[in-house]
Amino acid sequence: MTAAIFDMDGLLLDTEPLWGKSMMQVARHYQVPVSWEQLRYTTGLRIYEVTEYWQQRFPWPGNVSSQQIADDILDDIIASTIKEGSILPGVVATLELLRGTDTCMGLATSSPTRMMQQLLAHFGLTPYFTTMVSADTAISGKPHPEVYLQCAHALNVSPWEAVAFEDSVNGMVAAKAARMKVVIVPEAAKYDDPRFGLADIKLFSLTDFNLEVWHALND
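None of these values were measured; they are calculated from a predicted model.

J.: I would appreciate a short explanation of the overall build of the protein in the present structure.
T.: If you tally the helices and strands in the protein, you get 8 helices and 6 strands. For the protein, whose C-alpha radius of gyration is 17 Å, the value lies close to the compact-globule estimate of 17 Å for 219 residues. In terms of its C-alpha atoms, the protein occupies a principal-axis envelope of roughly 55 × 35 × 30 Å. When the accessible surface of the protein is totalled, it reaches about 10,300 Å², and 52% of it is carbon and sulfur.

J.: Would you explain the environment of Phe-165 in this entry?
T.: Locating Phe-165 in the fold gives a position in strand β4 (residues 162-166). Overall, the relative accessible area of 0% leaves Phe-165 in the buried class. Placed 22 residues apart in sequence, Phe-165 and Glu-187 show a C-alpha to C-alpha distance of 13 Å. The residues contacting Phe-165, other than those within four sequence positions of it, are Ala-4, Ile-5, Phe-6, Asp-7, Leu-11, Leu-98, Tyr-148, Val-183, Leu-206, Phe-209 and Trp-214.

J.: Help me out: how do you make sense of the pairing of strand β3 (residues 131-134) in this one?
T.: Look at any regular strand and the pattern is simple: side chains alternate between the two faces of the sheet. Pairing of strand β2 (residues 104-109) with β3, which is carried by 4 bridges, proceeds in the parallel orientation. Within β3, the position partnered with Ala-108 by the bridge is Val-133. The parallel pair β2 and β3, bridged by helix α5 (residues 113-122), forms a crossover whose chirality is right-handed.

J.: How should the pairing of β4 be read in this particular structure?
T.: Summarising burial for β4: 5 of the 5 residues are buried, a large majority. Burial along β4 is two-sided: the face carrying Ala-162, Ala-164 and Glu-166 and the face carrying Val-163 and Phe-165 are both buried. As defined by bridge partners, strand β1 (residues 3-6) adjoins β4 across 4 bridges and the pair is classed as parallel. By the bridge assignment, Ile-5 is partnered in β4 with Ala-164. Bridge count between β4 and strand β5 (residues 181-184): 4 bridges; the pairing is parallel.

J.: For this particular structure, what's the right way to read the nonpolar core?
T.: Where a protein is soluble and globular, its nonpolar side chains tend to be buried together. Counting 51 residues, the largest nonpolar core has Phe-6, Leu-12, Trp-54, Leu-125, Phe-129 and Phe-165 as its most contacted members. Setting aside anything within four residues of it in sequence, one finds Phe-129 in contact with Phe-6, Leu-12, Leu-95, Met-105, Gly-106 and Leu-107. Judged by nonpolar contacts, the second largest core, of 23 residues, contains Ala-3, Cys-151, Ala-152 and Phe-196.

J.: How do you make sense of helix α2 (residues 47-57) when you look at a structure like this?
T.: Along an α-helix, a turn takes 3.6 residues, which lines up residues three or four apart on a common side. Those residues of α2 that sit buried are Ile-47, Val-50, Thr-51 and Trp-54. Angular distribution of buried residues about the axis of α2 spans 90°; they occupy a single face of the element.

J.: Can you walk me through the sheet that holds β5 in this structure?
T.: Strands pair in a sheet through their backbones, by hydrogen bonds, and they do so in one of two ways: parallel or antiparallel. Reading across from one edge, β3-β2-β1-β4-β5-β6 is the order of the 6 strands in this open sheet, with parallel pairing throughout. Since the sheet does not close on itself, it has two edges, and those belong to β3 and β6 (201-202), each with one partner. Lying over the sheet, helix α6 (residues 146-155) contacts β1, β2, β3 and β4, oriented at roughly 155° with respect to β2. Where helix α7 (residues 169-177) meets the sheet, it contacts β4 and β5, and its direction lies at approximately 165° from that of β5.

J.: Hey, could you run me through the layout of surface pockets in this one?
T.: Over the atoms rolls a probe the size of a water molecule, and in doing so it shows where empty space is left. Considered as a void within the structure, the largest pocket measures approximately 1,300 Å³ in volume. Lining of the largest pocket is provided by 48 residues; of these, Glu-16, Thr-43, Asp-167, Ser-168 and Glu-187 occupy positions nearest its centre. Elements with a contribution of two residues or more to the lining of the largest pocket: α1 (16-29), α2 and α7. The dominant element in the lining of the largest pocket, judged by the number of residues it contributes, is α1, at 5 residues.

J.: Just checking my understanding: could you explain the environment of Pro-159 for this structure?
T.: Assignment of secondary structure puts Pro-159 in the loop between α6 and β4. For the pair Pro-159 and Gln-68, spaced 91 residues apart in the sequence, the C-alpha separation amounts to 36 Å. Non-local contacts of Pro-159, meaning those with residues more than four positions away in its chain, are made with Leu-149, Ala-152, Ala-178, Arg-179 and Met-180.

J.: Where do I start with the packing of aromatic side chains in this structure?
T.: Aromatic ring pairs are defined here through the distance separating the ring centres and the angle between the ring planes. For the structure shown, the criterion picks out 5 aromatic pairs. Centre to centre, the rings of Phe-6 and Phe-165 are 4.4 Å apart; their planes meet at 10°, and the pair counts as stacked. Here Phe-6 is found in strand β1, whereas its partner Phe-165 is found in strand β4, with 159 residues between them in sequence. We classify Phe-6 as buried; its relative accessible area is 0%. Aromatic pair Phe-209 and Trp-214: ring centres 6.4 Å apart, planes at 70°, arrangement edge-to-face.

Basis of the calculations
- Residues numbered from 1 in each chain as written.
- Predicted model: local features only at pLDDT ≥ 70, side-chain atom pairs only at ≥ 80, totals over all residues.
- Heavy atoms only, no water.
- Helix = DSSP H or I, 4+ residues; strand = E, 2+ residues; numbered from the N terminus.
- Rg over C-alpha atoms; globule rule 2.2 N^0.38 Å.
- Areas by Shrake-Rupley, 256 points an atom, 1.4 Å probe, with all protein chains shown as cover.
- Buried < 20%, exposed > 50% of the residue type's maximum accessible area, 1.4 Å probe, protein only.
- Contact = heavy atoms within 4.5 Å.
- Pairing = 2+ DSSP bridges.
- Right-handed = clockwise from strand over helix to strand, strands pointing away.
- Core = buried A, V, L, I, M, F, W, Y, C linked by side-chain atoms within 4.5 Å.
- Arc of directions from axis to C-beta.
- Axes fitted to C-alpha atoms, helices over the stretch in contact; angles between N-to-C directions.
- 1 Å grid on protein atoms, 1.4 Å probe; cavity = no way out; pocket = protein on both sides within 12 Å on 5 of 7 lines; lining within 4 Å.
- Points joined across faces, edges and corners; volume = space filled by probe spheres on them.
- Phe/Tyr/Trp six-rings, centres within 6.5 Å; stacked < 30°, edge-to-face > 60°.

Here it is in structure tokens:
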């Protein structure tokens, strides 16, 4: 393996709990009658797809556009992550370890470009990545493999030479569809989901990642 490609939300940064909070706060502000339970129907969609789905499914408040609501959600989650978020355990050690092996590193996220750029810069992670690709430049988001294929192309590596680091089923499926190996690091509540059996290696945390794991991916 010559390249490592990382997801961002829930893998590098603990943004996942904040997404729901931001979506519900903005939805209430605009009087979109979405419930916490209904958020599960849009899990894995890009934020502009989420608000388009809301517009089709729920009574719509006046002349506000779905894009405006999505932009407000992004503003809120970026601010919330800067205020309340943090780098997840083991992330910096993993990035440093791989940098020491001369592995080229990229990032492939479903989050919009401006969120990706602002948060990685804020947390000091930008220098680790040769290229950073957002799915908002792709026709289809995860679980479609496009964002991973774009990232591999930008790194000038074949997809089968890359390992993807993911935390979600959709992300894992996207990377596998791109013909990459996958290290999955699920959230604790979903760790035993049998679908994660598709991954090559499953870890409780990136604190468990080491050179032995990396070399096992090359076997």
